[in-house]
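Examining the three-dimensional arrangement
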Amino acid sequence: MATKTEQGAKAGTEAQGDETAVEAAGTEEEAAQAEARADGTGQADAVEDDAVEGETAEEETAEEQEPAQEKVPSGVGQGAGAVVSAALGFVSLSGGWIGTVAGARQQLVGQLHTSSTATVAKQIKAVYGDAWHSTALWAGLFALAALLTGVVVLARPAFGTPGRPQAPWIKSVAWAGVSLGVIGLLLAVLKYSDALLALPSTS
């Protein structure tokens with residue numbers, strides 16, 4: 001009987017030890033799972049933080065690039081200036097409406113201020129010579145404006161964004177305006193000084 005009791009006690013003790021081991025193993029597994037979950041959560045948070053930081057960096061880069069793109073000139077103003085220069089040069093050669101009106105007005109003024117008893121040379125100068133000079137003066141002003149406008153357009157890239165070339169058609173039209181301006185200015189000086197198409201002699 002004593003032997004059976006001892007064996008039963010040993011068996012009970014062993015069973016309790018096994019249960020304790022099983023519980024300890026279960027506790028270790030739960031702890032390991034909890035650590036794994038914590039590590040996974042930390043990694044997920046780190047990934048999310050990296051993603052947020054990446055998006056923030058991309059937004060900052062985009063914001064930095066947008067002002068740089070806005071500062072780049074489109075060339076519209078330079079093109080308009082080149083066209084204006086060429087138009088002014090053409091007007092300086094053709095005389096234009098303002099030059100014609102100024103010449104007619106000066107002719108009328110000469111007729112009003114010249115007496116009928118004046119010499120023929122004086123009448124010709126007052127009626128036709130002054131009107132011719134007035135037309136030449138306005139043509140010279142248009143030519144000078146065309147020349148200056150064309151030069152400003154051609155020199156504009158030197159004061160703009162470095163490394164941005166000017167459109168070829170802008171250069172061509174601007175050079176055309178400069179050329180017409182130079183020719184118109186030269187003709188205006190020749191007409192105003194009576195070196196070209198001078199008044200007829202009355203002698």
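Residues numbered from 1 in each chain as written. Predicted model: local features only at pLDDT ≥ 70, side-chain atom pairs only at ≥ 80, totals over all residues. Heavy atoms only, no water.

1. Some thoughts on the confidence of the model for the protein
A low pLDDT score tells you not to read the predicted coordinates there in detail. Spelled out, the test is: Think of pLDDT as the predictor's per-residue confidence, scored from 0 to 100. By the criteria applied, helices consist of DSSP H or I runs no shorter than four residues and strands consist of E runs no shorter than two, each listed in order from the N terminus. Contact definition: two residues touch when any of their heavy atoms are within 4.5 Å.
Taken as a whole, the protein shows an average pLDDT of 75; of its residues, 61% reach a score of 70 or greater. At the low end of the mean pLDDT range in the protein sits helix α1 (residues 2-71), at 55; at the high end sits helix α5 (residues 168-192), at 93. Per-residue pLDDT stays below 50 along residues 1-5; that stretch engages in zero contacts with residues further than four places along the chain or on separate chains.

2. Regarding the packing of aromatic side chains
Where we set the bar: Pairing of aromatic rings covers Phe, Tyr and Trp, the last through its six-membered ring, and needs centres within 6.5 Å; plane angles under 30 degrees mean stacked, over 60 mean edge-to-face, and all others mean tilted. Whether a charge sits over a ring depends on NZ of Lys or CZ of Arg being within 6 Å of the ring centre and within 35 degrees of the ring normal.
Following the criterion strictly, the structure yields zero aromatic pairs and no others. The aromatic ring of Trp132 is capped on one face by Lys191, whose charged end is 5.5 Å from the ring centroid.

3. Some thoughts on the packing of helix α3 (residues 96-113) against helix α4 (residues 120-155)
The condition is simple: All axes here are fitted lines through C-alpha atoms, helices being fitted over the stretch that makes contact, and every angle between N-to-C directions spans 0 to 180 degrees. Note on angle classes: values under 35 degrees are labelled roughly parallel, values over 145 roughly antiparallel, values of 65 to 115 roughly perpendicular, and the remainder oblique. Each crossing gets its hand from how the near helix is turned against the far one by less than a right angle, where anticlockwise is left-handed and clockwise is right-handed. Charged residues are taken to be Asp, Glu, Lys and Arg, nonpolar residues to be Ala, Val, Leu, Ile, Met, Phe, Trp, Tyr, Cys and Pro, and polar residues to be all remaining types, Gly included.
Contact geometry of α3 with α4 gives a least axis separation of 8 Å together with a crossing angle of 155 degrees. One element, α3, and the other, α4, form an angle in the roughly antiparallel class. In this structure, the crossing between α3 and α4 has a hand that is right-handed. Where α3 approaches α4, its residues Ile98, Gly99, Ala102, Gly103, Gln106, Gln107, Gly110 and Gln111 are matched on the opposing element by Ala126, Val127, Tyr128, Asp130, Ala131, Ser134, Thr135, Trp138 and Phe142. Classifying every residue of the contact of α3 with α4 by side-chain character gives eight nonpolar, eight polar and one charged.

4. Some details on helix α2 (residues 76-94)
We apply this condition: To estimate how far a helix should extend, the number of its residues minus one is multiplied by 1.5 Å. Each residue gets one of three labels from its accessible area relative to the maximum for its type: buried under 20%, exposed over 50%, partly exposed in between, using a 1.4 Å probe on protein chains only.
Here α2 is 19 residues long and its end C-alpha atoms lie 27 Å apart, about the 27 Å a rise of 1.5 Å per residue gives. Among the residues making up α2, those that are buried are Gln78, Gly79, Gly81, Ala82, Ser85, Ala86, Leu88, Gly89 and Ser92. Here the buried face of α2 lies against α4 and α5. Just past α2, the residue Gly95 takes up positive phi, approximately 100 degrees.

5. Topic: unusual backbone geometry
Positive phi, close to 60 degrees, is recorded for Asp194, a residue that is not glycine. Of note, Asp194 is situated in the segment after α5. For Asp194, a relative accessible area of 32% translates into the label partly exposed.

6. Considerations on the side chain of His133
Tracing the sequence through the fold places His133 in helix α4. For His133, a relative accessible area of 17% translates into the label buried. With sequence-adjacent residues up to four places away left out, His133 is seen in contact with Lys191, Tyr192 and Asp194.

7. Structural notes on the packing of α4 against α5
Packing of α4 against α5 brings their axes to within 7 Å, and their N-to-C directions diverge by 155 degrees. The pairing of α4 with α5 is recorded here as roughly antiparallel in orientation. Handedness of the crossing formed by α4 with α5: left-handed. Across the contact of α4 with α5, the residue classes tally to 18 nonpolar, six polar and two charged.

8. Points about the side chain of Ser85
You can see Ser85 is positioned in helix α2. Once you skip the residues sitting within four places of it in the chain, Ser85 turns out to touch Ala146, Thr149, Gly150, Ala174, Gly177 and Val178.

9. Overview of α3
The cut-off we apply is this: Summarising the geometry, the arc corresponds to the directions from the helix axis toward the C-beta atoms.
Taking 1.5 Å of rise per residue, the 18 residues of α3 would be expected to cover 26 Å, and the 26 Å separating its terminal C-alpha atoms lies within 8% of that figure. Taken residue by residue, α3 has Gly96, Gly99, Ala102, Gly103 and Gly110 as its buried positions. The buried residues of α3 occupy one face: seen down the axis, they fall within an arc of 100 degrees. Across α3 from its buried face, at more than 90 degrees, point the exposed residues Trp97, Thr100, Arg105 and Leu112. Close packing links the buried residues of α3 with α2 and α4.

10. Quick word on the environment of Ala136
In this structure, Ala136 sits in helix α4. In the structure, Ala136 is positioned 36 residues away from Thr100 in sequence and 10.0 Å away in space, judged by C-alpha atoms. Those residues in contact with Ala136 that sit more than four places away from it in its chain are Ala188, Lys191 and Tyr192.

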